[in-house]
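Fold and contact review
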Amino acid sequence: RHGLPDDLIDGTARFSAVVAAAQSRLGPPRLEIAPAGRQLRCAGTEVAMEPAPFALYCWLARRAREGQGPVRYDNEETIGEFLAAYAQALGNPDSGRIDNARRALALRLGKPPVERRQAIRKYFDPIKAKANAAIEQALGERAATPYLIHAVGPRLDKRFGLTRLEADQIVFSE
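A few points on the structure. (Residues numbered from 1 in each chain as written. Predicted model: local features only at pLDDT ≥ 70, side-chain atom pairs only at ≥ 80, totals over all residues. Heavy atoms only, no water.)

A separate point is the overall build of the chain. Along its length, the chain carries seven helices and six strands. Counting helices and strands in the order they occur from the N terminus, the chain gives α-α-β-β-β-α-α-α-α-α-β-β-β. Counting over 174 residues, the chain shows a buried share of 41%. (Helix = DSSP H or I, 4+ residues; strand = E, 2+ residues; numbered from the N terminus. Buried < 20%, exposed > 50% of the residue type's maximum accessible area, 1.4 Å probe, protein only.)

What follows is the structure in structure tokens.
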């Protein structure tokens, strides 16, 4: 029972959902993302996320789909990419949330390099944790593993990405 989604454990899932969940765990991982509708499906299971975690996840999935490796959060280019994904997830580039995120990240970018890395990680770590928690809640801990955002590399050069999915396992529908 460990690692199963809550609705399967507590008996609230429909029989067809139980069968679909079992079948999806037997095949290779498949990630489907529709950014315009803020929809995410892992192994055929819908995963609900708030805009910021969805934006982070979508951005990292697109990088993985394009064959780009895991990313460090602490430079202007990657922050710009994240902010663009966040604006798309919100559906409104003029949103106050984008302005708040831009200001918060700009403050962190202005710090000395070692402090900057830590400050930016403190901004992104809770967002990453929420994305991973949403996936684990929907799929169960064990089945969620290939879909999670993973850290790679040594402590001072930590990078983050969807490292357990192949590019052809990630599908975007625009």
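So much for the structure itself; the text now carries on.
L31, Y57, F82 and I135 are the most contacted members of the largest nonpolar core, which has 50 residues in total. Counting residues per element, the ones that place at least two in this core are strand 1 (31–34), strand 2 (39–42), helix 3 (51–65), helix 4 (76–90), helix 5 (96–109), helix 6 (113–139), helix 7 (141–144) and strand 6 (170–172). For this core, the element with the most residues is helix 3, which contributes ten residues. When neighbours within four sequence positions are excluded, I135 is seen to be in contact with C42, V47, M49, Y57, G140, A144, Y147 and L148. (Core = buried A, V, L, I, M, F, W, Y, C linked by side-chain atoms within 4.5 Å. Contact = heavy atoms within 4.5 Å.)

Attention now goes to the pattern of salt bridges. Counted by the stated rule, this structure contains eight salt bridges. Here D74 and R72 are joined by a salt bridge, their closest N and O atoms 2.7 Å apart. Among the ionic pairs, D99 bridges to R102, the shortest N-O distance being 3.4 Å. Separated by three residues within a single helix, D99 and R102 lie in helix 5, roughly one turn from each other. (Salt bridge = Lys/Arg side-chain N within 4 Å of Asp/Glu carboxyl O.)

Another aspect to go through is the packing of aromatic side chains. Considering all chains together, one arrives at six aromatic pairs under this definition. With a centroid separation of 5.7 Å and an interplanar angle of 25 degrees, the aromatic rings of F82 and Y86 are classed as stacked. With a gap of four residues between them, F82 and Y86 both fall in helix 4, about one helical turn apart. Accessibility classification places F82 together with Y86 in one group, the buried group. Here a set of aromatic residues connected by ring pairs shows up, and it is made of W59, Y73, F82, Y86, Y123, F124 and F160. Its guanidinium or amino end placed over the ring of F172, R62 lies 4.1 Å from that ring's centre, counting from NZ or CZ. (Phe/Tyr/Trp six-rings, centres within 6.5 Å; stacked < 30°, edge-to-face > 60°. Lys NZ or Arg CZ within 6 Å of the ring centre and 35° of its normal.)

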